[in-house]
Amino acid sequence: MNIIKLDATPSTNIYLKELLAQLPLENYTVVVAENQTQGRGQRGSKWVAESGTNLTFSVLIKDLLLGAEDIFNLNIMVSVSIFKALESFKISSLAIKWPNDILSGNKKIGGVLIENIFKSNGDVLSVVGIGLNVNQKNFVDFPQASSMALVSGRDFDKEAVLRVLIEQLMFYSNKLRNNGSVEIWNEYHRYLFKKDVPSMFELPSKKKFLGMIHSVSPIGELQVIKEDQTMHQYQLKEIKMLY
């Protein structure tokens, strides 16, 4: 495993993609930065992490996806990998908030941004960006955020956390390669935040409604049962959970 350590970079995803364009890289090459100045999350949001206290890194995963139809398999595999890694550090009340935010209680401690590169020969290269709040204590401007240290009451060795995260990514990648997708999907649904719990949702029109998460479709759509018992499917930017 090749780990490239940086003091600072605008984005570990961008750095890894640029490196990939210049030379061949081995599978599971990791780029980790102490300070990421232009980190991104889902919905085009910024990922803001305090310098030096958290993990911001990207991992190259090759030879896993066969095509665009398999893309969400990678999302659930990464989410479950992070969940299991944090579980090994005894982080309490863990959940995966659709599609791939990692929560402890109602607080976000980790996020994922995956970018896939489709090659002309049919290969798919995946750059998996992960931001994890490890030892940061101050979230005054981000009330829905927390960290491993805050929820557990102790600091963590970031190198040890990174090592376990990569080990879990490799383990679940191999499981996915070896026809383990059904088992991984079952785990994802078992850990899904607010599954089968009545919750309030908001549409882009700002209209709110009460519903219940039933499942996530193979292409990543959130399947919600409304009060009239009808099932509706939503893509990422079509719905927001209020919690």
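Residues numbered from 1 in each chain as written. Predicted model: local features only at pLDDT ≥ 70, side-chain atom pairs only at ≥ 80, totals over all residues. Heavy atoms only, no water.

S.K.: Can you explain the sheet that holds strand β4 (residues 94-97)? Please cite residues and give values.
M.R.: Taken together, seven strands build an open sheet; the order of strands is β1-β2-β3-β7-β6-β5-β4 and the sheet is mixed. Unpaired on one side and paired on the other, β1 (3-9) and β4 mark the two borders of the sheet. Going from strand to strand, the sheet's axes swing by 20 degrees on average, the running direction of each strand aside. One ladder, built from nine bridges, connects strand β6 (residues 107-118) with strand β7 (residues 124-132); its direction is antiparallel. Among the inter-strand pairings, I117 is bridged to a residue of β7, identified as L125. The strands touched by helix α1 (residues 12-22) are β1, β2 (30-36), β3 (55-61), β6 and β7; relative to β3, the strand with the most contacts, the crossing angle is about 30 degrees. Where helix α4 (residues 158-177) meets the sheet, it contacts β1, β2, β3 and β7, and its direction lies at approximately 30 degrees from that of β3. (Pairing = 2+ DSSP bridges. Helix = DSSP H or I, 4+ residues; strand = E, 2+ residues; numbered from the N terminus. Axes fitted to C-alpha atoms, helices over the stretch in contact; angles between N-to-C directions. Contact = heavy atoms within 4.5 Å.)

S.K.: Any details on the packing of helix α2 (residues 71-88) against helix α5 (residues 181-191)? Residues and values, ideally.
M.R.: For any two helices packed against each other, the geometry is given by the interaxial angle and the distance between the axes. Viewed as axis vectors pointing N to C, α2 and α5 meet at an angle of 60 degrees, and their least axial separation amounts to 9 Å. The orientation of α2 with respect to α5, classified from their angle, is oblique. Handedness of the α2/α5 crossing: left-handed. Of the residues in α5, those in contact with F72, N73, I76, M77, S79, V80, F83 and K84 of α2 are I184, W185, E187, Y188 and Y191. (Parallel < 35°, antiparallel > 145°, perpendicular 65-115°, else oblique. Left-handed = near helix turned anticlockwise from the far one by under 90°.)

S.K.: Please provide a residue-by-residue account of α5, values included.
M.R.: Quick reminder: α-helices carry 3.6 residues per turn. Residues three or four places apart thus point the same way. Those residues of α5 lying buried are I184, W185, E187, Y188, H189 and Y191. Here the buried face of α5 lies against α2, β4, α4 and β9 (208-216). (Buried < 20%, exposed > 50% of the residue type's maximum accessible area, 1.4 Å probe, protein only.)

S.K.: Go over the pattern of salt bridges, please, and point to the residues and values.
M.R.: Two side chains of opposite charge can pair, provided their charged atoms sit close to one another. Under the counting rule described, the total for this entry stands at ten salt bridges. Where K108 meets D101, a salt bridge forms, and the shortest distance between an N and an O atom there is 3.2 Å. Classification of D101 as buried rests on a relative accessible area of 13%. Three or more residues joined by partner-sharing salt bridges are found here, namely E202, K206 and K208. (Salt bridge = Lys/Arg side-chain N within 4 Å of Asp/Glu carboxyl O.)

S.K.: Run through the nonpolar core, naming residues and quoting values.
M.R.: In this structure, F57, M77, V78 and Y188 are the most contacted members of the largest nonpolar core, which totals 61 residues. Per-element tally for this core: the top contributor is α2, with ten residues. Sequence-distant contacts of V78, defined by excluding residues within four places in its chain, comprise V112, I114, V128, I130 and L169. L16, L20, L125 and V127 belong to the second-largest nonpolar core, a separate cluster that totals eleven residues. (Core = buried A, V, L, I, M, F, W, Y, C linked by side-chain atoms within 4.5 Å.)

S.K.: Any details on the packing of aromatic side chains? Residues and values, ideally.
M.R.: Taken as a whole, this structure holds nine aromatic pairs when the rule is applied. Each ring, one from F72 and one from Y188, has its centre 6.3 Å from the other, and the planes form 90 degrees; the classification is edge-to-face. Placement of F72 in helix α2 and of Y188 in helix α5 is noted, with a sequence separation of 116 residues between them. F72 sits in the buried class, given a relative accessible area of 9%. With relative accessibility at 0%, the residue Y188 sits in the buried group. One Lys or Arg, K226, reaches over the ring of F209 and ends 4.5 Å from the middle of that ring. (Phe/Tyr/Trp six-rings, centres within 6.5 Å; stacked < 30°, edge-to-face > 60°. Lys NZ or Arg CZ within 6 Å of the ring centre and 35° of its normal.)

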